[in-house]
Amino acid sequence: MCFKQYWEDEEGDMDYSLFLKILNDAEDFPELEMIYFGGIGEPTVHPRFMDMVREVKKRGYALGMSTNGFLLTDKVIKELVELETDLIYISLDTIPTQETRIGHIMPSVAVDRIKKIVEEKKRQKKDFPHIGVEVVVTKENYWQMAEIADYLGELGIDVLLFSNIIPIEKHQADQIVYDGSVDMQSHIDELHAKAYKHFLLKLPEFELRTERHCDFIEKKVAVVRWDGEVAPCYRFLHTYPEIIFGREKKVYAYSFGNVKQKSLKEIWTSRDYTWFRFIVKNSIYPSCTDCQLADSCSFVEDTNADCWGNTPSCGDCLWARRIVVCPIPEKGIKGFW
């Protein structure tokens, strides 16, 4: 189910010298609070992952990450707690007693890592890291949502985030639950009844709504790819296919500059990037997803441009519709969520 299986551009590990250059550039942003290791990939496979963690914490930033948990060994968990890493999101699509064909790593592995982080926090008498769990909802697991919440509530997590799948291939298109094929309300009601006592609950929309809201823009996020390219969001990090309500679309990677050639501030304050953020924040782009001409319009075939003259185009973005929700941290009562 993961985008990573379908990327068409080159993959690699970020050079450590480039990573340090990015952190140095970040000093130009005094309001920057958190560095987040994510981007629809597995950060712990980087050969200098823990060096990067140490460097971020040494510089005084909050640190968050998304991981499947597989490489979180006892030694790594111990140091992550010692360093008071702020937030760790672990992917989990079902409880260990259930099976899923679409999901991430075996749920027993994810649960084991959650338990070990909780135990290590108790041993060191630390409040951090906060533990988040991200669940991708499909027809295979939507009926388990309340059961998953009940199960995780007993483990001591801090936040539970549900999101929806964006199909990459046609056989996955039948798995979506936000097209009206499933009555989600009873499951949402049951979920609320179980979850509110235990942790912060973050839910996506389960139907197409008018309002558009981009968390990447609202929370002033820039995403730096392994090779230094600066994208405005996870969606434009790579080139890959996607299926929007049964309609095939090509997403092309889009960068506003490379930190190897320019400073992060130069890129962030550039005319094109500033204009893009203004356009998205004010929804000055077409709503391709529910446009009556979508089936006959060539603009909806890819993200290169839209009929309002925007490049790249966010007209079909399900993230902006909050059908897809990312673990973009925000400041909560107990810290970063």
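It should be emphasised that the depicted structure is a prediction, and the values quoted were computed from it without experimental measurement.

Visitor: In this structure, what is going on with the nonpolar core? I would like to understand it.
Guide: In summary, soluble globular proteins display a tendency toward joint burial of nonpolar side chains. Among the nonpolar cores identified, the biggest contains 100 residues, and Phe37, Leu152 and Leu160 are the most heavily contacted of them. The dominant element in this core, judged by the number of residues it contributes, is helix 1 (residues 16-26), at 6 residues. Among all residues touching Leu152, those that are not within four sequence positions of it are Leu92, Ile114, Val133, Ile157, Leu160 and Phe199.

Visitor: In this structure, what is going on with empty space enclosed by the protein? I would like to understand it.
Guide: The rolling of a water-molecule-sized probe over the atoms marks out the regions of remaining empty space. Here the structure, examined in full by the defined rule, presents 3 cavities of 30 Å³ or more. Counted as a void, the largest cavity has a volume near 130 Å³. Forming the walls of the largest cavity are 14 residues, and the residues nearest its centre are Cys214, Phe216, Cys233, Cys314 and Cys317. Considered class by class, the residues forming the lining of the largest cavity number 13 nonpolar, no polar and 1 charged. Looking at the second largest cavity, its volume works out to about 80 Å³.

Visitor: Explanation requested: the packing of helix 1 against helix 2 (residues 49-58) in the structure shown.
Guide: For any two helices packed against each other, one specifies the crossing angle of their axes together with the interaxial distance. Taken N-terminus to C-terminus, the directions of helix 1 and helix 2 make an angle of 15°; their axes are 11 Å apart at the nearest point. By the angle between their directions, the pair helix 1 and helix 2 is classed as roughly parallel. As for the relative orientation of helix 1 and helix 2, their crossing is right-handed in sense. Where helix 1 abuts helix 2, its residues Tyr16, Phe19, Leu20 and Leu23 lie against Asp51, Met52, Glu55 and Val56. Taken together, the residues that form the contact of helix 1 with helix 2 break down as 6 nonpolar, no polar and 2 charged.

Visitor: Help me understand unusual backbone geometry, please; the structure alone is not making it clear to me.
Guide: Phi is mostly negative for residues that are not glycine, and the peptide bonds are mostly trans. A cis geometry characterises the amide bond from Phe128 onward to Pro129, with omega recorded as 5°. Within the secondary structure layout, Pro129 lies in the loop between helix 4 (107-124) and strand 4 (130-137). A cis amide bond links Thr311 with the next residue in sequence, Pro312, at an omega value of -5°. Residue Ile40 is not a glycine yet carries a positive backbone phi of 60°. Ile40 sits in the buried class, given a relative accessible area of 18%.

Visitor: So what exactly am I meant to see when it comes to a nonpolar patch on the surface here?
Guide: The grouping of Trp275, Phe278, Ile284 and Trp308 at the surface amounts to a nonpolar patch, some 440 Å² of accessible area in total. Tracing the backbone shows Trp308 in the loop between helix 10 (271-281) and strand 11 (331-332).

Visitor: What is the right way to read the environment of Asp25 from this model?
Guide: Inspection of the secondary structure assignment puts Asp25 in helix 1. Under the relative-accessibility criterion, Asp25 is labelled buried at 10%. Each C-alpha atom, one on Asp25 and one on Lys262, is 9.6 Å from the other, the two residues being 237 residues apart in sequence. Residues contacting Asp25, with those up to four places away along its chain left out, are Lys262, Ser263 and Leu264. Only 3.1 Å separates the side chain of Asp25 from the backbone nitrogen of Leu264, close enough to count as a polar contact.

Visitor: Please clarify how the pattern of salt bridges should be interpreted in this entry.
Guide: Side chains that differ in sign of charge can pair as their charged atoms come close. As enumerated under the stated definition, the model contains 28 salt bridges in all. A salt bridge links Lys57 to Asp86; the nearest nitrogen and oxygen atoms lie 2.8 Å apart. Here Lys57 is found in helix 2, whereas its partner Asp86 is found in the loop between helix 3 (74-82) and strand 3 (87-91), with 29 residues between them in sequence. Taking relative accessible area as the criterion, Asp86 reaches 10% and is therefore assigned buried. Among the charged side chains, a salt-bridge network with shared partners connects Glu27, Glu55, Lys58 and Arg59.

The rules behind these values
Along each chain, residue indices are assigned from 1 in the same order as the chain's sequence is written. Note on the predicted model: pLDDT of at least 70 is required for a residue's local features to be given, and 80 or more for side-chain atom pairs to be given and counted; whole-chain, interface and lining totals, by contrast, use all residues. To get the side-chain values, all heavy atoms of the structure are used, and hydrogens and water are removed first. Residues belong to one nonpolar core when they are buried, are Ala, Val, Leu, Ile, Met, Phe, Trp, Tyr or Cys, and are joined through side-chain atoms within 4.5 Å. Only protein chains enter the accessibility calculation, which uses a 1.4 Å probe. A residue is then buried if its area is under 20% of the maximum for its type, exposed if over 50%, and partly exposed in between. Numbered from the N terminus, helices here are DSSP runs of H or I no shorter than four residues, and strands are runs of E no shorter than two. Contact definition: two residues touch when any of their heavy atoms are within 4.5 Å. Only protein atoms enter the 1 Å grid used here, on which a cavity is any set of points holding a 1.4 Å probe that cannot leave and a pocket is any open set flanked by protein within 12 Å on both sides along at least five of seven lines; residues with an atom within 4 Å of a point are listed as lining. Grid points are joined across faces, edges and corners, and a volume is the space filled by probe spheres set on the points. Classification used: nonpolar for Ala, Val, Leu, Ile, Met, Phe, Trp, Tyr, Cys and Pro, charged for Asp, Glu, Lys and Arg, polar for all others including Gly. Note on geometry: axes are lines fitted to C-alpha atoms, helical ones only across the stretch in contact, with angles between N-to-C directions running from 0 to 180 degrees. With respect to orientation, any angle under 35 degrees is reported as roughly parallel, any angle over 145 as roughly antiparallel, any angle of 65 to 115 as roughly perpendicular, and every other angle as oblique. Note on convention: the crossing is left-handed when the near helix lies turned anticlockwise from the far helix by less than a right angle, right-handed when the turn is clockwise. Patches were defined on residues exceeding 30% relative accessible area and lacking a salt bridge, with like-charge contacts within 9 Å and nonpolar side-chain contacts (Val, Leu, Ile, Met, Phe, Trp, Tyr) within 5 Å. Per-residue and other accessible areas follow the Shrake-Rupley method at a 1.4 Å probe size, with only the shown protein chains counted as cover for residues. Salt bridges are defined as contacts in which a side-chain nitrogen from Lys or Arg sits within 4 Å of a carboxyl oxygen from Asp or Glu. For the purposes of these results, a polar contact is taken to be a pair of N or O atoms within 3.5 Å, where, inside protein, one atom must be able to donate a hydrogen and its partner to accept one; residues adjacent in sequence count only when each atom of the pair is a side-chain atom.

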